Structures are given as C-alpha cells and as structure tokens.
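Single-letter residue listing:
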Amino acid sequence: YVATSAPHSPYTLPEAYRRVRGLPTALPTPESFDEADVSDKAPEIRQPPLSGRQIRAERVAYAKRVKATHAADALVVGRLLDVLEATGQLDETYVFFVADNGMLEGRHRLSTKGMPYEEAHQVPFAVAGPGVRQGISRDLAANIDLAPTFLDIAGAPEREHFDGESLLPAMLGTGGLDRDYLLYEGWWPYG
C-alpha cells in the first residue's frame, strides 16, 4: 500500500518536478467553466462569476496538480513496479491507481470538491495485473467496490453486507457492472 499526498495542496514537489516541461498544464475550460447562468442552481451553491484573480489561481493550482500527479506516477511506475519486478512479484501483483476526489476547477463557478456535479466525482482509476484487459471501461465504479474486489482477488468468500461489488470480472473481461448511477452522500460544504 502506497499513498502519496500528491496531488493535494500545498503541492510540495520534488525539485526534479518543479520545472518539468511538456506536460499539458493548461486549465481545461469546458462550457461549464465559470458557468454563464447559475440562476437554476441551489442558492447555497450560486456564486458570482469568477474574477481574473480566481481564474489565475485555478490555472496555477491546476498546473501544480498536474506536476504533482506526474511525480506520483513516477513513484509508482518508476520505482514501485521496478521493485516488484526485481523481486519477482510483478506478474502476481495487482496495482490500483486511484484518487479520492475530483476538483471542479472553476466549473459551475466553483473551486472545490465534493459538490453535486459529476466533475467533482470523476477520479482517476487504473488497474494493472495478471489477466487485466487493456482499454477503458465505462462501467461506473466507486471506492465501495475496492474491498469486495480485494477479497475476490484473494479468493475469500463473498460477503453480503458490502454496498459495492467486485470489479474483478470487469477487470478480466468476463463480466461488468450493471449500474446506471451511483449514490453520492456527503455533508456541506464538501459534499
């Protein structure tokens, strides 16, 4: 188990990653960025348009998050996998690369996480290991699926009290998740 603080603020980067060039660090600005009309939103989340200062802060934070993510990726790909290979464990190890939340980054005029928008809940989730098929799955998965998946990989008996389900069939291409939605619960102001 390896957990990095990256890409969370304060974005303390190793020296080698502070001046990394060539990464796509331009802040995405989809139609929902600094949303033009928020009159249809709940009063608690209606915000005034973003100021130039707020937009600059979002751009800087986004670039730092990208570099911090690159540094975390280098740890996993450049070191952890090398150690697993050198010790003969790589071919029998599953590696899950998962984040805990998304960020709105100015979408819907918000600069936080945990809000009732899809962008705040989409997170990186990548898996590699024995038999894992390549490609991108559009199945809806969540962190509630991790414990059932780990037990399934270990060959432990199924447990009925889990809210989630094993991702192993989807990972191996022998099945998938039959979900159209996921329930999101949280508390204000962070979901």
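Above this text you will find the structure in question.
What counts as what
- Residues numbered from 1 in each chain as written.
- Predicted model: local features only at pLDDT ≥ 70, side-chain atom pairs only at ≥ 80, totals over all residues.
- Heavy atoms only, no water.
- Core = buried A, V, L, I, M, F, W, Y, C linked by side-chain atoms within 4.5 Å.
- Buried < 20%, exposed > 50% of the residue type's maximum accessible area, 1.4 Å probe, protein only.
- Contact = heavy atoms within 4.5 Å.
- Helix = DSSP H or I, 4+ residues; strand = E, 2+ residues; numbered from the N terminus.
- Expected span 1.5 Å × (residues − 1).
- Bend = angle between axes of the 7 residues up to and from the residue.
- Salt bridge = Lys/Arg side-chain N within 4 Å of Asp/Glu carboxyl O.
- Arc of directions from axis to C-beta.

Student: Explain the nonpolar core here, please?
Tutor: General note: in soluble globular proteins, nonpolar side chains tend to be found buried as a group. If you look at the biggest cluster of nonpolar residues, it comprises 7 residues: F96, V132, L146, L167, L168, M171 and L177. Leaving out residues up to four positions away in the same chain, L168 has contacts with Y94, T149, D152 and I153.

Student: How should helix α2 (residues 52–86) be read in this particular structure?
Tutor: It helps to recall that an α-helix has 3.6 residues per turn; residues three or four apart then point in one direction. With 35 residues, α2 extends 50 Å between its outermost C-alpha atoms, agreeing within 8% with the 51 Å of an ideal straight helix rising 1.5 Å per residue. At L80, α2 shows its largest bend, some 25 degrees. Once α2 finishes, G88 follows within two positions and takes phi at roughly 75 degrees, a positive value.

Student: What is the right way to read the pattern of salt bridges from this model?
Tutor: For the structure shown, the criterion picks out 6 salt bridges. Between D40 and K41 there is a salt bridge; the shortest N-O distance is 3.1 Å. The class of D40 is exposed, set by a relative accessible area of 59%. Under the relative-accessibility criterion, K41 is labelled buried at 15%. One connected set of salt bridges, linked through shared partners, spans E35, D40 and K41.

Student: Before we go on, may I ask you to explain helix α3 (residues 146–154) in this structure?
Tutor: Residues L146, P148 and T149 constitute the buried set of α3. The arc that holds the buried residues of α3, viewed along the axis, is 165 degrees, so those residues lie on one side. Contacts from the buried residues of α3 go to β1 (95–98), β2 (125–128) and α4 (168–172). Note on α3: the residue one or two positions beyond its end, G155, has a positive phi of about 80 degrees.

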